[in-house]
Amino acid sequence: MKIAMVGSGYVGLVSGACFADFGHDVVCIDKDEKKIAALENGVMPIYEPGLDALVETNVKAGRLSFTTDLAEGIDGADAIFIAVGTPSRRGDGHADLTFVYAVAKEIGATLRNDAVVVTKSTVPVGTGDEVERILADAKLDVRTAVVSNPEFLREGAAIGDFKRPDRIVIGTDDEFGRDVMSEVYRPLYLNQSPILFTSRRSAELIKYAANAFLATKITFINEMADLCEKVGANVQDVSRGIGMDNRIGAKFLHAGPGYGGSCFPKDTLALLKTAEDYESPTRIVEAVVKVNDSRKRAMGRKVLDALGGADKARGKKVALLGLTFKPNTDDMRDSPAIAVAQTLTDAGVEVAAFDPEGMEQARPLMPEVTMVDGPYEAIEGADAVAIVTEWDAFRALDLKRIKDLAKAPVLVDLRNIYDPQDVRDAGFTYASIGRG
Ligand SMILES: NC(=O)c1ccc[n+]([C@@H]2O[C@H](COP(=O)([O-])OP(=O)(O)OC[C@H]3O[C@@H](n4cnc5c(N)ncnc54)[C@H](O)[C@@H]3O)[C@@H](O)[C@H]2O)c1
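To start, this report covers the structure provided alongside it. (Residues numbered from 1 in each chain as written. Predicted model: local features only at pLDDT ≥ 70, side-chain atom pairs only at ≥ 80, totals over all residues. Heavy atoms only, no water.)

1. A few points about the nonpolar core
Link 1 in the chain: Core analysis: the biggest nonpolar cluster contains 58 residues, and Val318, Leu320, Leu323, Leu344, Val349, Met366 and Ile402 have the highest contact counts within it.
Link 2 in the chain: Counting contributing residues, this core receives three or more from each of domain 2 (208-289) and domain 3 (294-431).
Link 3 in the chain: Apart from residues no more than four positions distant in its own chain, Leu323 is found in contact with Met332, Ser335, Ala337, Ala353, Asp355, Ala362, Met366, Met371 and Thr389.
Link 4 in the chain: The next biggest cluster of nonpolar side chains, apart from the first, holds 40 residues, and it includes Cys18, Phe19, Leu54 and Leu153. (Core = buried A, V, L, I, M, F, W, Y, C linked by side-chain atoms within 4.5 Å. Buried < 20%, exposed > 50% of the residue type's maximum accessible area, 1.4 Å probe, protein only. Domains from an automatic or database assignment. Contact = heavy atoms within 4.5 Å.)

2. What to know about the packing of aromatic side chains
Link 1 in the chain: Within this structure, the stated rule accounts for six aromatic pairs.
Link 2 in the chain: Seen in terms of ring centroids, Phe19 and Tyr185 are 5.4 Å apart; in terms of plane orientation they differ by 65 degrees. Their pairing is edge-to-face. Taken together, the residues span a long stretch of sequence, with Phe19 in helix 1 (residues 10-21) and Tyr185 in the loop between helix 8 (175-184) and helix 9 (186-190) at a distance of 166 residues. Taken individually, Phe19 and Tyr185 each receive the classification buried, so the pair is uniform in this respect.
Link 3 in the chain: With a centroid separation of 5.9 Å and an interplanar angle of 80 degrees, the aromatic rings of Tyr259 and Phe264 are classed as edge-to-face. The residues Tyr259 and Phe264 share a single accessibility class, namely buried.
Link 4 in the chain: Members of the aromatic cluster, joined through ring pairs, are Phe19, Phe81, Phe162 and Tyr185.
Link 5 in the chain: Over the face of the ring belonging to Phe152 we find Arg167, whose NZ or CZ atom lies 3.6 Å from the ring centre.
Link 6 in the chain: Sitting over the ring of Phe197, Arg178 keeps its end group 4.0 Å from the ring centre. (Phe/Tyr/Trp six-rings, centres within 6.5 Å; stacked < 30°, edge-to-face > 60°. Helix = DSSP H or I, 4+ residues; strand = E, 2+ residues; numbered from the N terminus. Lys NZ or Arg CZ within 6 Å of the ring centre and 35° of its normal.)

3. A look at the pattern of salt bridges
Link 1 in the chain: The final tally for this structure, using the stated rule, is 23 salt bridges.
Link 2 in the chain: Note that Arg283 is salt-bridged to Glu286, the shortest N-O span being 3.6 Å. Placement of the pair is Arg283 and Glu286 together in helix 13 (residues 283-306), with a separation of three residues, close to one helical turn.
Link 3 in the chain: Classification of Arg283 as exposed rests on a relative accessible area of 57%.
Link 4 in the chain: A salt bridge links Asp392 to Arg395, with the shortest nitrogen-to-oxygen separation between them at 3.0 Å.
Link 5 in the chain: Each of the salt bridges in this network shares a partner with another, and the network as a whole consists of Asp129, Glu132, Arg200 and Arg201. (Salt bridge = Lys/Arg side-chain N within 4 Å of Asp/Glu carboxyl O.)

4. Concerning unusual backbone geometry
Link 1 in the chain: Look at Asp334: it is not a glycine, yet its phi comes out positive at around 55 degrees.
Link 2 in the chain: Of note, Asn416 is a non-glycine position whose phi angle comes to about 55 degrees, a positive value.
Link 3 in the chain: Counting through the fold element by element, Asn416 comes out in the loop between strand 13 (410-413) and helix 19 (420-425).

5. Section: the site of the ligand
Link 1 in the chain: If you check the shell around the ligand, you find 25 residues, and the closest are Asp30, Lys35, Thr86, Glu155 and Lys266.
Link 2 in the chain: In the model, a nitrogen atom of the ligand is placed 3.3 Å from a nitrogen or oxygen of the Lys31 main chain.
Link 3 in the chain: Between the ligand and Lys35 there is a distance of 2.6 Å, counted from an oxygen atom to a side-chain nitrogen or oxygen.
Link 4 in the chain: Sorting the residues of the shell around the ligand by element identifies helix 1 and helix 5 (98-110) as the ones contributing at least two each.
Link 5 in the chain: Of the residues that constitute the shell around the ligand, the class distribution is nine nonpolar, seven polar and nine charged. (Near = heavy atom within 4 Å. Polar contact = N/O pair within 3.5 Å; in protein donor to acceptor, adjacent residues only side chain to side chain. Nonpolar A, V, L, I, M, F, W, Y, C, P; charged D, E, K, R; others polar.)

Geometry only, nothing functional implied.
The following block contains the structure:
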């Protein structure tokens, strides 16, 4: 099969490289010339474990190539995936579909062979209908079908998720679309990954419903954590206790500073907008969005409390460890660290931060924060240390060294990666999430 992947960001690049690894002939297309030039030189535009080796192997094998020229890239392709960004539209939170429709128009203007056009980007219900209309307006004399194939990979574990997915969702009522997509995913089908065929609209909604549900689970346990602190319970025990129930499941029950990242915040907002447009309110998701938004600054206030309160914090110094929205990525989109840092600097606190991969992306988002080269550099002279992202590198910090370097032995662990007793035994004042 020949596959064209339009948009070579997290999803397009990982999907393209994995499809090539399955033996398909893949061209990754992007309008960002710098990105394509870097990829042609073997330089990855993102940090994703294992991606550089996967790309290198498949480029060498002649199965993976890159171009900025869409017409050339889609020439002869059996399936053309649209994997461009769908950020929140400024002002109203709707998914901004400008990039998706621009690509659909370009495909309409240049397509010369039968092909299935697949939206892999996360798009609201009805987007596939509009893409179909755009292609119909182009009056092509080739056969096309528009299919929805949402992507569920997680940054940081993207290759494993793509190659061993819990399920593959394919939304189409078109026989041609179904046949081509079955061939595209045949290597995974043989791996016994379940493929769920649905209508296009159902597939589009499945992606939003999945993300909203996961965001709800996280927000639920975060509120339970707050309650644990008040009643003197331990959220990790509560989480284990409910997660062992198969009807609930243990995943996404880790209390923390609130969800962030490139998907949950924008996708929950977009779902709310769809619900509003169709006059079918989703009150639970509305509450989740509100609770999560206020939680991020509340985490900043938790750090201020550890400094003795907002009124005593001015002029003090905090070391922030971890900035990305989760470990093993350099993605800073909607990371809780942004609100935590902002709350601190608003209160006149000096902030020094370190992240193993995210500092380049973080710098423009936190101009008042000093970026340093390592955790201990950040800790030097600090009145408190706050762990915001649970990178492995922060799981076994040298507590004695921290005590020597810091002005005060205060640790705020927003990811619960330390044992409270161990840290207190080491002479620290310790605050964590939901361990009252
Ligand atoms: N990042 C994730 O973990 C993840 C997971 C599942 C789904 N998604 C969804 O996948 C989509 C892509 O997300 P992402 O994180 O990969 O985005 P991204 O911003 O990393 O990449 C998008 C790429 O598309 C390119 N692009 C935009 N317009 C183009 C055009 N006209 N022609 C060619 N290239 C163009 C951009 O230059 C960019 O490189 C979004 O809808 C997102 O919600 C993302």
